[in-house]
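A structural walkthrough
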Amino acid sequence: MRQTWSSSFVIGLEGQEMARSWIGEKVRDAVEEVHAYVEEIIRNRKKKMDESQENCGEDLLSRLILAGCDEEVIRDMIINFIMAGRDTTSAAMTWLFWLLSCHPVIEQELLKEIQRNDKRLSDYESLEGLKLLKASLCESMRLYPPVAWDSKHAMVDDMLPDGTLVQAGDRVTYFPYGMGRMEALWGKDCIEFRPSRWFIEPSHQGGSLKKVSPYKFPVFQAGPRICLGRDMAFIQMKYVVASILRQFEIKPIRSEKPIFVPLLTAHMAGGLKVLIKKRDHSI
Ligand code: HEM
């Protein structure tokens, strides 16, 4: 029995080695493909900038090129922006649109807030003024975090603050999805979508937002490796959600509760299929 176990273990190791080198090759090919794709975007933008000065210089890519950044640095930044910032923000907004369709009173309050700030939606201060929208995004991500869990491997032996020993090589996982639904952290109504919990005065939705510790709400991670794009993510999401909500009514086609799929970036199974109608009096 022992013999069988150890020989199958040896075969297992060889198999693992082969699998690792096969995966390594696949990953290398995939990285090359992604690099080539982004390098082409940069080349095309440079060409456009050389050919004409029109409409160039305002967007981030043009600014990075104009600043004289190294092409490899620009490439890696663009990949970071696309990989870290695209699926995460889109997942957060998808869940928010669904939650708002289930909470029409909150949607109406949001519309009023957007109306109050409508004139200058594209300026930074007006977006800062959309506090109920920020609270709604936080509340949506508390219940449906775009990164549902995340792991780190210890490089050396260590100890967690509660005395738990972590040995070199151990994996430690934190779980924003679970933490967002803990009664001990969020109270008896932890499962409810209630953006007002993010305001200093309970149930008052026009006041100041609470400063919530990232260790309680680790949706963007916490500590030295906290998400570098957090503020940018809020600006983008507020701008997109406000621009859509002020003009369109969004009604999901299906009435069943969507399914949360917690992959690398969590998403809604099958996406959110909706009917879109122009608002009668678009604000
Ligand atoms: C709702 C949107 C977002 C969520 C929930 C989110 C979440 C996270 C999380 C959990 C991490 C830590 C990953 C880890 O340590 O393994 C992270 C890292 C990072 N995020 Fe975001 N992110 C969002 C949007 C963005 C955007 C828009 C950008 C850039 C434009 C961005 C750029 C980054 C970068 C560069 C890191 C790596 C930071 C480091 O390792 O030092 N993220 N993000």
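So, how was this worked out
Residues numbered from 1 in each chain as written. Predicted model: local features only at pLDDT ≥ 70, side-chain atom pairs only at ≥ 80, totals over all residues. Heavy atoms only, no water. Donors = N, O, S within 2.8 Å, 3.2 Å for Na, K, Ca; no water. Helix = DSSP H or I, 4+ residues; strand = E, 2+ residues; numbered from the N terminus. Phe/Tyr/Trp six-rings, centres within 6.5 Å; stacked < 30°, edge-to-face > 60°. Lys NZ or Arg CZ within 6 Å of the ring centre and 35° of its normal. Near = heavy atom within 4 Å. Polar contact = N/O pair within 3.5 Å; in protein donor to acceptor, adjacent residues only side chain to side chain. Nonpolar A, V, L, I, M, F, W, Y, C, P; charged D, E, K, R; others polar. UniProt positions renumbered as here; feature names shortened; annotations may be inferred. Buried < 20%, exposed > 50% of the residue type's maximum accessible area, 1.4 Å probe, protein only. Contact = heavy atoms within 4.5 Å. Expected span 1.5 Å × (residues − 1). Arc of directions from axis to C-beta. Core = buried A, V, L, I, M, F, W, Y, C linked by side-chain atoms within 4.5 Å. Salt bridge = Lys/Arg side-chain N within 4 Å of Asp/Glu carboxyl O.

**Some remarks on the coordination of the iron atom of the ligand**
A lone protein donor binds the iron atom of the ligand: C227 (SG), at 2.3 Å. When you line up the elements, C227 lands in the loop between α8 (183–186) and α9 (230–247).

**So, the packing of aromatic side chains**
For the structure shown, the criterion picks out 12 aromatic pairs. Ring-pair connections join several aromatic residues into one group, and the members of that group are W95, W98, Y144, W149, F175, Y177 and F260. Looking at K134, its charged tip hangs above the ring of F234, at a distance of 4.7 Å from the centre. Sitting above the plane of the W186 ring, K216 keeps its charged end 4.3 Å from the centroid.

**Comments concerning the site of the ligand**
Around the ligand, a shell composed of 22 residues is seen, among which D150, K152, Q221, R225 and C227 lie nearest. In this structure, D150 approaches the ligand through a side-chain N or O atom, which is 2.8 Å from an oxygen atom. In this structure, an oxygen atom belonging to the ligand sits 2.8 Å away from a side-chain N or O atom of Q221. Those elements that place two or more of their residues in the shell around the ligand are α3 (71–102), β1 (150–153) and α9. Of all the elements, α3 adds the most residues to the shell around the ligand, at 6 residues. Classifying every residue of the shell around the ligand gives 13 nonpolar, 6 polar and 3 charged.

**Description of the UniProt feature "binding site: heme" (unreviewed entry) in the chain**
As annotated by UniProt and renumbered to match this structure, "binding site: heme" (unreviewed entry) occupies C227. Of the residues examined, C227 reaches a relative accessible area of 32% and is grouped as partly exposed. Leave out the neighbours within four places in its chain, and C227 touches F220 and Q221.

**A short note on helix α4 (residues 104–116)**
Counted at 1.5 Å a residue, the expected span for α4 with its 13 residues is 18 Å, and the 19 Å between its end C-alpha atoms agrees. Along α4, the residues classified as buried are I106, E107, L110, L111, E113 and I114. The buried residues of α4 occupy an angular sector of 165° when the element is viewed end-on, so they sit on one face. The exposed residues of α4 that point more than 90 degrees off its buried face are P104, V105 and R116.

**Some thoughts on the nonpolar core**
Counting residues in hydrophobic clusters, the biggest one holds 42 residues, and the most contacted among them are L133, M141, M237 and L245. Elements with a minimum of two residues in this core: α3, α4, α6 (131–143) and α9. Per element, the largest residue contribution to this core is 8 residues, and it comes from α3.

**Notes on the pattern of salt bridges**
Applying the stated criterion across every chain, the model contains 12 salt bridges. With a closest N to O distance of 3.1 Å, E39 and R75 form a salt bridge. Within this pair, whereas E39 is found in helix α1 (residues 2–51), its partner R75 is found in helix α3, the two being separated by 36 residues in sequence. Among the ionic contacts, a cluster of salt bridges with common partners joins E139, R142, D189, R194 and R197.

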